[in-house]
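Residues per chain are reported as follows:
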Amino acid sequence: MPDSKTMTGGCHCGQVRFECTTDFAMVTACNCSICTKKGLHFTFLPPTSFRLCAGEDNLREYLFNKHAIKHQLCIDCGVDVFARGKKPDGSDVVALNVSCIDGIELSKLTMTPIDGRSM
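Chemist: Whenever I open this one, the sheet that holds strand β2 (residues 17-22) confuses me. Can you help?
Modeler: An order of β1-β2-β5 is seen for the 3 strands of this open sheet, with the pairing classed as antiparallel. A strand with exactly one partner marks an edge of an open sheet, and here the two such strands are β1 (5-10) and β5 (50-54). Across the sheet, the mean angle from the axis of one strand to that of its neighbour is 20°, orientation sign disregarded. The sheet contact formed by β1 and β2 spans 6 bridges and is antiparallel. Looking at the pairing, T6 lines up with T21 of β2.

Chemist: What am I meant to see in the side chain of N58 here?
Modeler: Within the secondary structure, N58 is located in the loop between β5 and β6 (59-62). Those residues in contact with N58, other than ones at most four positions away along the chain, are Q15, V16, L73, C74, I75 and D76.

Chemist: How should unusual backbone geometry be read in this particular structure?
Modeler: Note: most peptide bonds trans; most residues except glycine with negative phi. A positive phi angle is found at F24, which is not glycine, with a value near 55°. Relative to the helices and strands, F24 resides in the loop between β2 and β3 (27-30).

Chemist: Even after reading the chapter, I still don't get the confidence of the model for the protein, so can you show me in this structure?
Modeler: Detailed conclusions should not be drawn from predicted coordinates in areas where pLDDT is low. On average, the protein scores 93 in pLDDT, and the residues at 70 or more come to 98%. When mean pLDDT is taken per element in the protein, β5 scores highest with 98 and helix α1 (residues 33-38) scores lowest with 90.

Chemist: How do you make sense of the packing of aromatic side chains when you look at a structure like this?
Modeler: The relative placement of two aromatic rings is captured by the distance of their centres and the angle of their planes. Under the definition given, this model contains 3 aromatic pairs. Taking 4.7 Å as the distance between ring centres and 45° as the angle between the ring planes, the aromatic pair formed by F50 and F82 counts as tilted. Remark: F82 occurs in strand β8 (residues 80-86) and F50 occurs in strand β5; sequence separation between them is 32 residues. For the pair formed by F50 and F82, the shared burial category is buried. When the ring of Y62 is compared with that of F64, the centres are 5.9 Å apart and the planes differ by 15°; the resulting orientation is stacked. Residue class for Y62 comes out partly exposed when judged on its relative accessible area of 34%.

The rules behind the values
Residues numbered from 1 in each chain as written. Predicted model: local features only at pLDDT ≥ 70, side-chain atom pairs only at ≥ 80, totals over all residues. Heavy atoms only, no water. Pairing = 2+ DSSP bridges. Helix = DSSP H or I, 4+ residues; strand = E, 2+ residues; numbered from the N terminus. Axes fitted to C-alpha atoms, helices over the stretch in contact; angles between N-to-C directions. Contact = heavy atoms within 4.5 Å. pLDDT = per-residue confidence, 0-100. Phe/Tyr/Trp six-rings, centres within 6.5 Å; stacked < 30°, edge-to-face > 60°. Buried < 20%, exposed > 50% of the residue type's maximum accessible area, 1.4 Å probe, protein only.

See below:
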């Protein structure tokens, strides 16, 4: 398993900024409608490994399907930065859009296929 690293990131316009610690143990390649249309790839973090540094007032929540995942989008540039939800065991989780991490190279990450269309 890769080592955890602390990184920074944010939306396209820079209004929303965060810091996170992750090992990229799982990065999704989900085929659900929203991930497919937006090109989203998420890694999942405990809330203690994610800190919103700026832009809380610049976020808009988007809910769809079962309204279980609270997607957070920048109201200025529209980027889907992260989402909050619950794991199957009921514990809180942050789903971070890895494309929002500063300097990330998606081609160097191992993607885990997820059949979100069937959920």
